[in-house]
Each structure stands twice: as C-alpha cells, then as structure tokens.
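A closer look at the structure
Residues per chain are reported as follows:
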Amino acid sequence: MSGTNERVAVVGGSIAGLTAALNLRDAGVEVDIYERSPQPLSGYGTGIVVQPELVRYLVEQGIELESLSVPSTSMAYVDARTGNSLGTIPSAHRFTSYNTVYGQLLKLFSMDRYHNNKCLVGLDQDSDVVRMRFSDGTRAEADWLIAADGGASVVRKRLLGIEPQYAGYVTWRGLLQPGEVADEIWDYFDGKFTYGLLDDGHLIAYPIPGGEGKEASLLNFQWYWNVQEGPELDELMTDIRGTRLSRSVHNKSLIQHNLSQLHDRAQELAGPFRDLVLNAPSPFVTVVADATVDQMVHGRVVLIGDAAVTPRPHAAAGGAKACDDARTLAEVLGRGDDLSGSLQRWESRQLQQARAYVRKAQEMGSRLQSGGLFEPGDPNFAFGLPQVSHQSAL
Ligand code: FAD
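Note that the structure is predicted; figures quoted are calculated from it, not measured. (Residues numbered from 1 in each chain as written. Predicted model: local features only at pLDDT ≥ 70, side-chain atom pairs only at ≥ 80, totals over all residues. Heavy atoms only, no water.)

Further remarks concern the sheet that holds strand 5 (residues 74-79). As a general point, the strands of a sheet are linked pairwise by backbone hydrogen bonds and lie either parallel or antiparallel. Taking strand neighbours across the sheet as the criterion, the 8 strands line up as 6-5-14-15-16-13-18-17 in an open arrangement whose pairing is mixed. Here the strands that pair on one side only, and so sit at the sheet edges, are strand 6 (85-90) and strand 17 (248-249). Examined bridge by bridge, strand 13 (residues 165-176) and strand 16 (residues 218-226) share 8 bridges and lie antiparallel to one another. Within the sheet, the bridge partner assigned to leucine 175 lies in strand 16 and is asparagine 220. Of the strands in this sheet, strand 13 and strand 16 are in contact with helix 8 (residues 256-266), which crosses strand 16 at around 95 degrees. (Pairing = 2+ DSSP bridges. Helix = DSSP H or I, 4+ residues; strand = E, 2+ residues; numbered from the N terminus. Contact = heavy atoms within 4.5 Å. Axes fitted to C-alpha atoms, helices over the stretch in contact; angles between N-to-C directions.)

Structure below.
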C-alpha cells in the first residue's frame, strides 16, 4: 500500500477508530469512519485515568494535558465497610473522561468523513477489496477495513465467532456535580484515586474534568458487584420495557427494584462511600466482560482496540491500548512497504501487549472481587500498559 492511493474504512468512531483515522489522514491516506450511533457518542460521564498512549495524538496537536485532565497526588486504600484507612501512597496520575477525549478527537477529525447512523451488519472480502453492508440498506467498499467497533464487535463475531465472556461481576457507575454531596465528602475524594475495598467487591472513586469550558471537576465512582450468571444477572440487566440488555442499562431504563437494591446496599457502606452512591443522580449498570483473539489481521480486515482484545477495566489502560493499536497500525498502513511482513510484526507486538494486559486486569479483578490481598502500591497492579519486549518491531 502506498500511503496515498488506497482507501481505508474504519468501522466504529470512538477512541480507537478516531485515533486510527486521524493518524492515517495525516499520512495522506483516504479514510472514512462509519459509526453506528445516529448522534455524537456519550460516555455518560465515564472517568478514564490518563495514560500517555491515550492522549498522545491530542498532545502532539498542541492540546495541553492540563486542559484535558485534572491532577491527583495520592492513591488511598480504604475499608469501604468501616471507613478505616488501609494505606495511602503518593501518586501523580491525571484523570480525564471519555467525553473529553472523544470530543477532542472528533473535533480534530471533523464530520466531513464521519458517517453517523451506519451500523455494519455484514461484510465480505476478496484479495482486492472489502465490501460492507449497513443496517440502513446502504453499502460501501474500501481497500482496507479497520474494525474498531468495540467490545461487542460485530466484525470479530462475523470473522471468528467470538463474543466477550462475562467476568462474573457488574459495575454500577455514577457521576456527581459539585453541591450534590456535602463539601467534606467531596474533599474526601478530591485530588486522589480512592479504592474502597470489600470482602465481596470494591469501589473506586476519583475526580474528572467538568467538560469543555467548565472549571469545576465532577466526581465519578464505580462499584463492582459479584452477580451470578443466570436469573440474578438477567433481572439486573432487564430494562423497564422488559428487554434483557447485554452490556449496560442506563439510568432512565433501570427497573425500580434494581435501583432500590443499589440504594439499600449503599446503606451498609462507610459514610463517604454511602453518600457518594446515594447522591449520584443517574447511576447505571454495566456488565464486565473480556475477550481475546489469536489474530488481529484477517486478510484486508484488521481488528483494533476493544474489537480485538477486550480487557476488564481494572488496570485503567483499555483506552490507551486502543489508541496504541490505532496509532501503530496507521503507521504501518501509511508507510505501505513490506505490508504483509510489517502487519505480521505489528500484530505480534500488539497481541503480546494486549494478552499481558488482560492477564494483569484479570488478576486485579479476581483479587478485588474476593477480598484478596491488595497491597497499597503493589507494582504488579500499577495502572498502565505492560512493557512489550520488541518495541521496535514496527
Ligand atoms: P469503544 O469505545 O467501545 O467504541 C466502539 C465504537 O464502535 C462505538 O462508537 C460503537 O457505537 C461503534 N460500533 C459498535 N458496533 C458497530 C457497528 N456494527 N457498526 C458501526 N459502529 C459500531 N480505559 C482506560 O484507558 N482507562 C480507564 O480508566 C478505563 N475505565 C473503564 C471503565 C469501564 C467501566 C469500562 C467499561 C471501560 C473502561 N476503559 C478504560 C476502557 C475504555 O473505555 C475502552 O477500552 C475504550 O473505549 C475502547 O475504545 P474502542 O474505540 O476500541 O471501543
């Protein structure tokens, strides 16, 4: 592939898709994004811990890290039942949000070749071209298809039959504006990452930016619950219309019984955690799942980000992994020489990184969900992507 005369289609216009498309466009490649959602995406205020790979493209464009994120100085480990401190370590992480990162990437790409309302339902390929079919009956063709369609990837399912495996727990997520909890509760969580540890699960809480043009930060939390697969999970993931949803039930669709359960269980938490959960105006629930693949390159179709390997969230670098897949793939495709050898080396490096990352996140999850040993500052559980041995393989 010469960097300029082949067309690339990206399916999925979130963090990985936009990062791939921006890097490819910079390399002179013609690129279109096809996104299922009819309107701009919303992360419902999900917080993200900043890793260098996540914000690399934005920082390279001259966007200040300070405008994308808020700082922290420590990591606190607390018994979430009693409120007793289990230790605090210094830590200089920065926190951002899905909306901030996505919003900035979308602004840089612009809407000219970002096609909303294009839900991929079918694809086929031969040695020259990939053909895509969308749910609105339209079709498109490209020389390469980058599948960045996330954890429930249709492309991964079509090519490999792989679906994410339920991890055995869900996460309740919530977001608070200043004034929605007492000042002392706000201060308790501000400026740090807090682990609230329990025998049968855990909470995390940290501040995130308030959004474009807003000075004040927001507080976001997640509370991970062990929920058995079967009737218990089915009931939790059924919305007010009676539909069993596979990934998330958003606040407005939650059955009252499930919301009451959240509030009842919050009463058993130590004060700051209880107040955080009880005062969040729109909590919602998401299933935790992961998936891995043995191959990312399938002829002219390449899987990246969560569409390739979907990690559970505990090591705070799923977005970073997605952006790293995207940037490095764009580098290979944009350069265009020895494409098959370069793609093979790229795949091997990215898979090595992704598998090591998934293993780390799984180990963290199994400790955190069972009251296992979780020492403050354990380097094995540091946030971020693992180092891969052959960084120069590209
Ligand atoms: P996604 O962001 O899932 O995007 C997939 C896109 O594809 C979506 O826009 C979707 O609408 C679109 N799409 C899907 N199907 C189709 C179709 N058929 N046709 C067209 N478009 C389609 N990461 C971090 O780095 N740090 C964190 O702190 C962190 N915390 C997390 C907390 C939680 C609870 C969760 C669930 C994830 C967290 N992550 C975190 C992970 C991070 O959000 C994901 O790894 C990242 O969003 C993956 O990006 P992606 O672009 O690969 O996929």
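Don't stop here, the text continues.
So, on to the domain arrangement of the protein. In terms of domains, the protein is made up of domain 1 (7-39 + 116-164 + 291-368 + 378-393) and domain 2 (73-93 + 167-289). Relative placement of domain 1 and domain 2: their C-alpha centres are 29 Å apart. In this assembly, 12 residues from domain 1 lie in contact with 14 residues from domain 2. For the pair domain 1 and domain 2, the summed buried area comes to about 1000 Å², and 61% of that belongs to carbon and sulfur atoms. Of all residues in domain 1, Arg312, Leu368 and Phe383 bury the most surface against domain 2, accounting for 55% of the area lost on that side. One can count 0 salt bridges joining domain 1 with domain 2. Where domain 1 touches domain 2, the interface holds 2 residue pairs in polar contact (both at pLDDT 80 or more). (Domains from an automatic or database assignment. Buried area = accessible area lost by both parts, 1.4 Å probe. Salt bridge = Lys/Arg side-chain N within 4 Å of Asp/Glu carboxyl O. Polar contact = N/O pair within 3.5 Å; in protein donor to acceptor, adjacent residues only side chain to side chain.)

Even without being glycine, serine 110 reaches a positive phi, approximately 70 degrees. Along the chain, serine 110 falls in the loop between helix 4 (98-109) and strand 8 (114-115).

Around the ligand, the structure places 30 residues, and the nearest of them are Ser14, Ala16, Glu35, Leu120 and Gly319. Alanine 316 places a polar main-chain atom, nitrogen or oxygen, 3.2 Å from a nitrogen atom of the ligand. Glycine 318 has a polar backbone atom sitting 3.2 Å from an oxygen atom of the ligand. When the ligand is considered free in solution it has 1000 Å² of accessible area, and contact with the protein chains removes 88% of it. Contributions of two or more residues to the shell around the ligand are made by helix 1 (15-26), strand 3 (47-49) and helix 10 (318-335). By residue class, the composition of the shell around the ligand is 16 nonpolar, 8 polar and 6 charged. (Near = heavy atom within 4 Å. Areas by Shrake-Rupley, 256 points an atom, 1.4 Å probe, with all protein chains shown as cover. Nonpolar A, V, L, I, M, F, W, Y, C, P; charged D, E, K, R; others polar.)

Mapped onto the elements, leucine 123 comes out in strand 9 (residues 120-125). Sequence-wise, leucine 123 and alanine 167 are 44 residues apart; in three dimensions their C-alpha atoms are separated by 29 Å.

The next thing to look at is the nonpolar core. Membership of the largest hydrophobic core comes to 92 residues, with the highest contact counts inside it found for Met132, Ile146, Phe193, Tyr195 and Ile304. Looking at which element gives the most residues to this core, the answer is helix 11 (residues 339-368), with 9 residues. Each of domain 1 (7-39 + 116-164 + 291-368 + 378-393) and domain 2 (73-93 + 167-289) contributes no fewer than three residues to this core. Contacts of isoleucine 146, omitting those with residues within four sequence positions, involve Val8, Ala9, Val10, Val11, Ala20, Leu24, Val302, Ile304, Leu329 and Leu333. (Core = buried A, V, L, I, M, F, W, Y, C linked by side-chain atoms within 4.5 Å. Buried < 20%, exposed > 50% of the residue type's maximum accessible area, 1.4 Å probe, protein only.)

This paragraph deals with the sheet that holds strand 4 (residues 70-71). Reading across the sheet, the 3 strands line up as 3-7-4 and stay open at both edges, with antiparallel pairing between neighbours. Among the strands making up the open sheet, the edge pair consists of strand 3 and strand 4. Two elements, strand 4 and strand 7 (residues 94-97), share 2 bridges in a ladder whose sense is antiparallel. Paired with proline 71 across the bridge in strand 7 is arginine 94.

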